[in-house]
Structures are given as structure tokens and as C-alpha cells.
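The lines below spell out each chain.
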Amino acid sequence: MRRTFGNMTKAALLLLLFPLYTQAQLASKKQMQQLIDENMRFAVKQYQVLKDSTPADKMPRTFQRGRSLSSGTDWWCSGFYPGSLWYIYEYTKDAGVRAEAERRLSIQEKEKRYTGNHDIGFMIFCSFGTAYRITGDKKYKDVIDTAAIYQITRYRPAIHAIQSWNKSKNLNCPVIIDNMMNLEQLMWAAQNGGNPKFREIAVTHANTTLKNHYRPDHSTFHIVDYDLNTGGIIKKVNGQGAHDTSAWSRGQAWGLYGFTMMYRFTKDKIYLQQAQDIASFLLHHPNLPADKIPYWDYNAPKMPTSRDASAGAIMASALLELGQYVNKKDRKEYVDAATVMLQSLSSDAYRAKLGENGGFLLKYSVGSFLSNSEVDVPLTYADYYFLEALARYKKWYL
Ligand code: GLY
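Residues numbered from 1 in each chain as written. Predicted model: local features only at pLDDT ≥ 70, side-chain atom pairs only at ≥ 80, totals over all residues. Heavy atoms only, no water.

Describing the site of the ligand
Definition in use: By convention in these notes, a residue is near a molecule or strand provided one of its non-hydrogen atoms lies within 4 Å of it. Polar contact is defined as a pair of N or O atoms within 3.5 Å, subject to the rule that within protein one atom must be able to donate a hydrogen and the other to accept it, and that residues adjacent in sequence are counted only when both atoms are side-chain atoms. Only the protein chains shown count as covering a residue, and every accessible area follows the Shrake-Rupley method with a 1.4 Å probe. Under the grouping applied here, Gly and all other residues not named as nonpolar or charged are polar, the nonpolar ones being Ala, Val, Leu, Ile, Met, Phe, Trp, Tyr, Cys and Pro and the charged ones Asp, Glu, Lys and Arg.
The immediate surroundings of the ligand are formed by W76, D178, Q240, W248, R250, W254 and Y381. A distance of 2.6 Å is found between a nitrogen atom of the ligand and a side-chain nitrogen or oxygen belonging to D178. When the ligand is considered free in solution it has 200 Å² of accessible area, and contact with the protein chains removes 92% of it. Looking at side-chain class alone, the shell around the ligand contains four nonpolar, one polar and two charged residues.

Written as C-alpha cells, this is what we have:
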């Protein structure tokens, strides 16, 4: 009797709880669907303002002290605005947004032969790569294939890596963690009929980065400076972070994204482990604020300090991809963290109001805090990775 009663209670409880649990899940999915939808529709209107503030032969850069700043197409960020437009178009199918994306690609195409630094991956793949994925138009693929050929001219066999910046007064042959992001163009081009050398170089570069940039706690240096004659390391130093051994937030985010992307192409478990170790460092760090948008450096000298919305957006996008490759428990951790990041970035604390912020979506990113350059301002890559994360969330988790 007792047992039957007990079983009935359990069954009744299950009946009661199961619909509630399902409802709660649906509610949060519904909430995220609404959040994504609202952001994308807002972006159509807000980017009209950005378009109107940007000369036809330039790309937007930021908005500071009440003024819109633009850049030439040879600036490392030039691909993010057209890439963002493609993400907005993909979701909304707004014809005006697509026309603007096509116009901006037409002024950017000349950069497919850019060899001034390693950033041709950001410049071309984030824009033309996104355009090709969405349209399948071969003319966009041709641009990527050309860019990959020029990108590998910076490969230096002596150090098993692609040289990021040219030699300068203080640096001989610098390789920066950001360079992990540019490998996506090489991996993709190789996988889509390009020279297998593109992939070999990208894998070699990633392995060198893993060996030389990372510290035992899975944080990364920004810059490793190499000697091209001996192949040895001259020094490991800071560029945009607080000090040589600090964890500059965007650099950590580039690494997380880069190793996750390398796992996507290779299925090499070393890259997956590396990405998970980086995620663990970033998500369990005592200096990560409750809204999960990091300060500009995890070891900034004074806390609290400026947040870096761009680092938050890059991390959110990377965590959503990483969630695709891991067990259920880890996926939940990554997706939950990315959800909080996206909710924070969508709130009034970070997202602009219509017509404000020079037409950018997100406020409060940091270019280089200690140089007082681009501090607490909108940046094109914050918007780009925010939109990418929203698109990924919709594709994989709704
Ligand atoms: N790649 C330069 C930066 O992240 O600021």
C-alpha cells in the first residue's frame, strides 16, 4: 500500500514536474529567440545610422567624443563592418542591408593582396567568407583564395610561424596571439580546393603558438618575439595588456576562439583540450564580473576598471562553438555563460539606443587601455562577434 502510494506520489510528482521543466526550458529558449530577433531588427535601423556616418570609400572604426571615425580599407578591422552587414542580412533578409554589404565589399576587394601584416584573415575572411557562406557566389570565394596565397608570404620557416607585424625598433619578428584568428582563412581555403600548404602552415603556426605563447595556467602572452636567424625566442611581452605576464582579455578571447576553430577543421583533440583549458581559465577567474563581460585585462592594476565588450562578444561566440564539441555537462557550462554574456551585451548597460553611439550596436570596448586609445568606445569587431554569437545561438541552440 505504502509502496503503491509512494509510487503514485512519484508518478504524480513526475507528471507535475516534467511539464514545468519543459516549460522552463521553452521559456528560456523563447526568451533567447526574442532577444536575438530584437537585436537583429534593431541592427537594421541602427546600421542605417552607421552607414550615413561613414564616407563611401571608407569603413567605420569607432565613435568617440561625439565624432564618428572611419578608416581606410587597409586597417585590420575593415572586414568587420561588411561582415556584420551580412549577418544582419542573413537573419532579416533586408535588401538595403545587403546592398550596403555588397557596396562595401566592392571597395574592400583590393585588400586581397595585402601583406603589410598578418591581418588579411580578419580583413578578408570575416567579410568575403561570411558573404560566400550566405550567398554561395563564387566571386567571393575567388577573393578568399587569392588572400590565402598572399597570407602565407608571411610564413617564416625558421620559427614555424606566420610573422604578425614587421620588424620594429623593439621587436624583431613578433607573433601575436591574435594571429590564431587569421588561420581560419587558411584552413577554410585548403578545405575548399586550395593549396594543402595553407593547412600545413596554419597547423604548424597553431602548434608553435600552443608551445610558446601559453603559460601553465592557460593564459597567454600577447607577443612572442622571435629571432629569425636562430629560430629562438627573444622575449615574451605585452602589447595591449596591463603588463608582460597579465591576461589581456581580448588576447585570451582570440586564443579561445582560435583553438576552437582549429579543432573544427582538424578534430585534433589537443586543440579541443587547449580551448577547454582556456575556457576554464576565463570562466572561473575571480576577476570575471557577474555579468561575464570581462575587464580589459584580467589582471588590470586597478579594479573595477573599464570593461571590454569586444572580449565578451568574442568569448560568447567561441563558447557557443566549443559547446558543439564537448559533453553535455561542459556544453551546459559554456552555453549558460554565453547566454549571460549575450543577455548582458543586449541590456542597456552595453547596447546603444537607436540613433546613439554613432550607429554602432555595442558601447564600452577597449582598444588599448594603457595607450589611452579607443577606451570605452564602440568597435566594429565587438558588433561583429556579437552578431555572430546571436546567429550561432539561433543555429545551434534554438
Ligand atoms: N588585433 C588587435 C586587437 O585585438 O586589438
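Details of the state of the cysteines
Covalently bonding the sulfur atom of one cysteine to the sulfur atom of another cysteine gives a disulfide. To keep things clear, this is the line we draw: When two cysteine sulfur atoms are found within 2.5 Å, that pair is recorded as a disulfide.
Tallied over the entire structure, the rule returns zero disulfides. The closest cysteine sulfur to the non-disulfide-bonded C77 is located on C126, 9.9 Å from its own sulfur.

Thoughts on the packing of helix α9 (residues 269–283) against helix α10 (residues 309–322)
Filter applied, for reference: The axes are straight lines fitted to the C-alpha atoms, using for helices just the contacting stretch, and the angles between their N-to-C directions are given from 0 to 180°. Helix and strand definitions here come from DSSP, where helices need a minimum of 4 consecutive H or I residues and strands a minimum of 2 consecutive E residues; each element is numbered from the N-terminal end. Angular relationships are summarised with four words: roughly parallel below 35 degrees, roughly antiparallel beyond 145, roughly perpendicular across 65 to 115, and oblique for the angles in between. Each helix crossing is assigned a hand: it is left-handed if the near helix lies turned anticlockwise from the far helix by less than a right angle, otherwise right-handed if that turn is clockwise. Pairs of residues are marked as contacts when any of their non-hydrogen atoms sit within 4.5 Å.
Axis separation between α9 and α10 bottoms out at 11 Å; the angle between their running directions is 135 degrees. Considering the angle they form, α9 stands oblique to α10. As α9 runs across α10, the sense of the crossing is left-handed. Each of L272, A275, Q276, A279, L282 and L283 in α9 lies in contact with α10, whose residues at this interface are M315, L319 and L322. The class makeup of the residues in the contact of α9 with α10 is eight nonpolar, one polar and no charged.

Some words on the packing of helix α8 (residues 249–266) against helix α12 (residues 380–397)
Put simply, α8 and α12 touch, their axes get as near as 14 Å, and they point 40 degrees apart. With respect to α12, the axis of α8 lies oblique. Once α8 is placed against α12, the crossing between them reads as left-handed. Listed contacts from α12 to R250, W254, Y257 and R264 of α8 are Y381, Y385, E388 and R392. Looking at the contact of α8 with α12 residue by residue, the classes come out as four nonpolar, no polar and four charged.

Quick word on the pattern of salt bridges
Basically, it comes down to this: Take a side-chain nitrogen of Lys or Arg and a carboxyl oxygen of Asp or Glu: if they are within 4 Å of each other, that pair is a salt bridge. Relative accessibility thresholds used throughout: buried, under 20% of the residue-type maximum; exposed, over 50%; partly exposed, between the two (1.4 Å probe, protein chains only).
Enumeration according to the criterion identifies 20 salt bridges in this entry. One salt bridge connects E102 with R98, and the closest N-O pair in it is separated by 2.9 Å. With E102 and R98 both in helix α3 (residues 95–108) and four residues apart, this pair spans about one turn of that helix. Of the residues examined, R98 reaches a relative accessible area of 27% and is grouped as partly exposed.

Observations concerning the packing of aromatic side chains
Which entries qualify depends on this criterion: When the centres of two rings from Phe, Tyr and Trp lie within 6.5 Å, Trp using its six-membered ring, the rings pair. Their planes under 30 degrees apart give stacked, over 60 give edge-to-face, and anything left gives tilted. Distance and angle both matter: a charge sits over a ring if NZ of Lys or CZ of Arg is within 6 Å of the ring centre and within 35 degrees of the ring normal.
Under the criterion given, the structure shown has 27 aromatic pairs. Centre to centre, the rings of W396 and Y397 are 6.4 Å apart; their planes meet at 80 degrees, and the pair counts as edge-to-face. Using a relative accessible area of 25% as the deciding quantity, one classes W396 as partly exposed. Grouping aromatic residues by their ring pairs yields a cluster made of W76, F80, Y87, F122, W254, Y257, Y381, Y384 and Y385. Note that K93 overlies the ring of Y89, its terminal NZ or CZ placed 5.6 Å from the centroid.

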